[in-house]
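Residue-level structural notes
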Amino acid sequence: MFPKMWHRVMMMLLGLAALAAVPARAQSGTDLLSAETVTVLGDARIVGADGARSWIGGGEGKSRFDAHDPDGDFHVRPWLAEADLVWQPRFTWSLSGTVVVTAQHGQEHPIDVSQAALAFKPILHGPAKLAVRAGLYWPDISLEHSGPEWRVTDTITPSAINSWIGDEIKTGGIEATLIMPLGTHRVAATLGAFGLNDTAGTLLAFRGWALHDQKATAFGRQPLPPLNAFMSSRQAPETRPVGEIDNRVGWYGKLGWSPSRAFELQFFHYDNRADPQAVTDGSQWGWRTHFNNVGAIVSVEQVTLKAQAMGGRTEMGYSRAGRIWADTSFRSAFLLATLGLNKGSVSARLDAFGTRGRGSILDNSYSEDGWAITAAARHELGPHLSLLAEVLHVDSIKQDRVRLGLPARQRQNQIQLALRVHI
C-alpha cells in the first residue's frame, strides 16, 4: 500500500483531473472517451530459447524466456506476451491524462496498471515550451522506448540499460520540462521530484543486468535469485519496484541539446535519496541508488545511430566488518544502428554491462561482466499490424552462480517472432 503522503498526492491528481473535466467555455477541447482516446494493443509471439532458467522464474537467466527444460536445450513455443489498454483523455487543450492497463505474461498480477499520469502543456508567449507531468511513470531516460505503452519499436528486446529502467525505475512524482530554441539549436531541461522508488537497485545488486521487455507495474513484485543464508532471513525473496519506505523525496534532472534534427545529446542524473537502513515489515529495504546516464542520437539519411551509457551505485543494509551489507557499482553501454526501409527497418545492437560488489555480504562474488548482441527486423503489414523478428545472444560471468551449483559463465540464445496489433 502507498504511504499516506503519496496517497494524498495521487488523490490530488485525480481531483485535478475531475475538476478539469467539468464543461466550461475554456475547456472546449475535452474528449474523455472516443476512438481518439482509447487504444488497444496486443503482442503474440513464437519464442525459441535455450540456457538457464530465466530470472523471471526465480533463476539466473539473463533473458525473458528460457529453455523451459532442465537440461537447458533449445525449446520453441507460442506466447501471448502482452496486451495493453491505453486511455488518454483530454480534459482541456492543455491538460491530458494517460492510464495504461497491462496484461503481461510473467507478472505477479495478470492485469495491472503500468502508468497513470497527467500532462499539462500551457501555451506560453514566446518560443519557449513548458510541459509538466505528474503521476506514476517512467522518467524520460530510454532512447529506445516510445508511446504511452512504453514499447521499443525497432527491436523486441531493449538494451540492458533500458530493460533495467523498465523493471526498477518507475517513479511516482512530478516533473517540469522547459524547451527553448536558440537559433537553429534546441535546449531542453527537466527537473523532477519523486517517491515510490526506494527499492530501485535491488535487482541490479542480487540479479545483475538482464535483457528483457517485461515492465514493472504499480502493484506487482519481481522475483530475486535464490538468496544466500544471511540475506534469506532479512530480504524478501521478491522486490516491489513501486514502493515508498522512508518518505524521503528523490530527484532527477535532465539536459538535452540538439543543434539540428540530425543530432541530439542528453545527460540524465538520478538520485532516489533512499535510506539504506529503512525496512518494511515485509522485508522490503531502501536502496540508496544514484546514477548518471548519457545518450546520443545521430541520423544520416536512412541510418540512425543510438548510443547510451550509464554508471552508478546502490547501497543497502547496516555496517558489518566495516562495510555495508550491499555496496554495488554498476555500468552499462550500448550502440544501436537502425536502417530505415520503405515499410520497416533492420537493426543491430551491441551491449556491454557489469557490476562490482563491494559489500560485506554482497561481495565480489556478486560482481558480473557480460555482453550481448541483438539483430532485429521490423515490417509493417498494415496501419494496425506489424511483424518483428529478433535474435539475441547473451554471454555473462558471475561467480555467485557456483553457490547454486551452476557454472559461473552462462551463454543464452533467444529467437522471437512477434505479431503486434495496434487498434
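Structural notes, computed from the coordinates. Source: prediction; values computed, not measured.

What about the overall build of the protein chain?
From N to C terminus, the protein chain includes 4 helices and 20 strands. Whereas a compact globule of 423 residues would reach a radius of gyration of roughly 22 Å, the protein chain reaches 21 Å, a difference of no more than 12%. Looking at the protein chain residue by residue over its 423 residues, the buried ones come to 52%. Looking at the protein chain as shown, the accessible area adds up to about 18,700 Å², and 63% of this sits on carbon and sulfur atoms. With 41 positive and 40 negative side-chain charges, the protein chain shows a spacing of 4 Å between the two charge centroids.

Comments concerning the pattern of salt bridges
Inspection of the entire model under this criterion finds 29 salt bridges. A salt bridge links Arg378 to Glu380, with the nearest nitrogen and oxygen atoms 2.6 Å apart. Judged by its relative accessible area of 30%, Glu380 is partly exposed. One salt bridge in this structure joins Asp395 and Arg409, with 2.7 Å as the shortest N-O distance. Taken together, the residues Asp395 in strand 19 (residues 385–398) and Arg409 in strand 20 (residues 409–422) connect sequence positions 14 residues apart. Exposure remark for Arg409: the relative accessible area of 41% places this residue in the partly exposed category.

As for the packing of aromatic side chains
Two aromatic rings are characterised by how far apart their centres lie and by the angle between their planes. Tallied over the entire structure, the rule returns 17 aromatic pairs. Here the aromatic rings of Trp285 and Tyr318 are separated by 6.1 Å at their centres, their planes lie at 85°, and the arrangement is edge-to-face. Of this pair, Trp285 sits in the loop between strand 13 (263–271) and strand 14 (288–300) while Tyr318 sits in strand 15 (residues 303–320), and the two are 33 residues apart along the sequence. Each ring, one from Tyr318 and one from Trp325, has its centre 5.6 Å from the other, and the planes form 65°; the classification is edge-to-face. An aromatic cluster of three or more residues is present, and its members are Trp164, Phe194, Trp209, Tyr252, Phe268, Tyr270, Phe291 and Phe330. It is Lys170 that lies over the ring of Trp138; its NZ or CZ is 4.0 Å from the centre. One residue, Arg234, lies across the ring of Phe230, its end atom 3.7 Å from the ring centre.

Some remarks on the nonpolar core
Note on soluble globular proteins: their nonpolar side chains tend to be buried together. Counting residues in each nonpolar core, the largest one holds 27 residues, and the members touching the most others are Trp164, Ile165, Ile169, Trp209, Tyr270, Phe291 and Met310. Elements that contribute at least two residues to this core include exactly helix 2 (160–168), strand 13, strand 16 (323–341) and strand 19. It is helix 2 that contributes the most residues to this core, 4 residues altogether. If we skip the residues at most four places from it in the chain, Trp164 touches Ile169, Gly201, Leu204, Arg207, Trp209, Thr289, Phe291, Met310 and Phe330. Listed in part, the 18 residues of the second largest apolar core include Leu203, Ala205, Ala210 and Leu362.

Focus: helix 2
Every α-helix carries 3.6 residues per turn, so stepping three or four residues along brings you back to the same face. With respect to burial, helix 2 is a largely interior element, 9 of its 9 residues being buried. Of all the residues in helix 2, the buried ones are Ala160, Ile161, Asn162, Ser163, Trp164, Ile165, Gly166, Asp167 and Glu168.

Overview of the environment of Ser34
Looking at the element boundaries, Ser34 is found in the loop between helix 1 (4–20) and strand 1 (38–49). Classification of Ser34 as partly exposed rests on a relative accessible area of 26%. For the pair Ser34 and Trp87, spaced 53 residues apart in sequence, the C-alpha to C-alpha distance is 9.5 Å. In this structure the side chain of Ser34 is engaged in a polar contact, spanning 2.9 Å, whose partner is the side chain of Asp31.

Some thoughts on the side chain of Asp84
Mapped onto the secondary structure, Asp84 falls in strand 2 (residues 75–87). Within the structure, Asp84 has its side chain in polar contact with the side chain of Arg151 (distance 3.5 Å). Other than its neighbours up to four places away in sequence, Asp84 contacts Thr39, Val40, Leu41, Val100, Val101, Thr102, Glu149 and Arg151.

A short note on unusual backbone geometry
Its identity is not glycine, yet Arg273 carries a phi of approximately 55°, on the positive side. Tracing the chain through its elements places Arg273 in the loop between strand 13 and strand 14. By relative accessible area, which is 35% here, Arg273 ends up partly exposed. The phi dihedral of Ser283 is positive, around 60°, even though this residue is not glycine. Relative to the helices and strands, Ser283 is located in the loop between strand 13 and strand 14. For Ser283, a relative accessible area of 22% translates into the label partly exposed.

Considering the pairing of strand 1
Walk down a regular strand and you will see the side chains alternate between the two sheet faces. The pairing of strand 1 with strand 2 spans 12 bridges and is classified as antiparallel. In the sheet register, Ala49 faces strand 2, and the bridge partner there is His75. Sheet topology places strand 1 next to strand 20; 9 bridges connect them, and they run antiparallel. When the sheet's bridge partners are listed, Gly48 is paired in strand 20 with Ile415.

Cut-off values and rules
Residues numbered from 1 in each chain as written. Predicted model: local features only at pLDDT ≥ 70, side-chain atom pairs only at ≥ 80, totals over all residues. Heavy atoms only, no water. Helix = DSSP H or I, 4+ residues; strand = E, 2+ residues; numbered from the N terminus. Rg over C-alpha atoms; globule rule 2.2 N^0.38 Å. Buried < 20%, exposed > 50% of the residue type's maximum accessible area, 1.4 Å probe, protein only. Areas by Shrake-Rupley, 256 points an atom, 1.4 Å probe, with all protein chains shown as cover. Lys, Arg positive; Asp, Glu negative; His and termini not counted. Charge placed at Lys NZ, Arg CZ, Asp CG, Glu CD. Salt bridge = Lys/Arg side-chain N within 4 Å of Asp/Glu carboxyl O. Phe/Tyr/Trp six-rings, centres within 6.5 Å; stacked < 30°, edge-to-face > 60°. Lys NZ or Arg CZ within 6 Å of the ring centre and 35° of its normal. Core = buried A, V, L, I, M, F, W, Y, C linked by side-chain atoms within 4.5 Å. Contact = heavy atoms within 4.5 Å. Polar contact = N/O pair within 3.5 Å; in protein donor to acceptor, adjacent residues only side chain to side chain. Pairing = 2+ DSSP bridges.

In short, geometric facts, not functional conclusions.
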